[in-house]
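# Commentary on secondary and tertiary structure
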Amino acid sequence: VTGVQTCALPIYGSSQFKINGRQITSDKYIKKLAEYNILVNCRNFIVYQGDVQNISTRSPEELTTLFEQISGSCELKEEYDRLREIGRASCRERV
């Protein structure tokens with residue numbers, strides 16, 4: 001795979017699609033993924049033997065970790081924790 005491809009879903013609700021840091025349209029992003037046989041609009045795809053069972057036996061915490069890795073939100077965990085603590089401290093000061 002050449003180039004770094006990213007898709008971000010910012011808090012304010014719009015999607016951003018980038019290749020090598022350069023923002024592109026969603027259509028161009030989808031076409032680029034199709035070059036690697038990643039068909040985002042396809043409803044049928046391969047699930048390897050054992051994957052469904054592996055996921056189905058995970059604990060809620062493990063599932064959360066998996067979804068955070070897939071979505072990329074794990075990259076924001078430190079910032080989230082920092083802001084959550086600021087919010088909690090603010091609430092404690094009001095009481």
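A brief report on the enclosed structure follows. (Residues numbered from 1 in each chain as written. Predicted model: local features only at pLDDT ≥ 70, side-chain atom pairs only at ≥ 80, totals over all residues. Heavy atoms only, no water.)

Let us look at the overall build of the protein chain. When you go through the protein chain residue by residue, the secondary structure sums to four helices and three strands. Mapped from its N terminus to its C terminus, the protein chain presents α and β elements in the order β-β-β-α-α-α-α. Counting all 95 residues of the protein chain, 8% fall into the buried class. Taking the intrachain contacts of the protein chain between residues at least 6 apart in sequence as the baseline, contacts between residues at least 24 apart amount to 15%. (Helix = DSSP H or I, 4+ residues; strand = E, 2+ residues; numbered from the N terminus. Buried < 20%, exposed > 50% of the residue type's maximum accessible area, 1.4 Å probe, protein only. Contact = heavy atoms within 4.5 Å.)

We note that Asn20 has phi near 55 degrees; this positive angle belongs to a residue other than glycine. By the element assignment, Asn20 lies in the loop between strand E2 (16-19) and strand E3 (22-24).

Here E2 pairs with E3 via three bridges, running antiparallel. By the bridge assignment for E3, Ile19 is matched with Arg22. In this antiparallel pair of consecutive strands, E2 and E3, the connection spans two residues, and Asn20 shows a positive phi of 55 degrees. (Pairing = 2+ DSSP bridges.)

Now for the packing of aromatic side chains. In this structure the tally under the stated criterion is one aromatic pair. Between the aromatic rings of Phe17 and Tyr29, the centroid separation amounts to 5.0 Å while the plane-to-plane angle is 45 degrees, which identifies the pairing as tilted. With Phe17 in strand E2 and Tyr29 in helix H1 (residues 26-35), this pair connects stretches of sequence that are 12 residues apart. On the basis of relative accessibility, which here comes to 9%, the residue Tyr29 falls in the buried class. (Phe/Tyr/Trp six-rings, centres within 6.5 Å; stacked < 30°, edge-to-face > 60°.)

What follows concerns the nonpolar core. One recurring pattern in soluble globular proteins: nonpolar side chains tend to sit buried together. Residues Phe17, Ile19, Ile24, Tyr29 and Leu33 constitute the largest nonpolar core, which totals five residues. Contributing elements (two or more residues each) for this core: E2 and H1. (Core = buried A, V, L, I, M, F, W, Y, C linked by side-chain atoms within 4.5 Å.)

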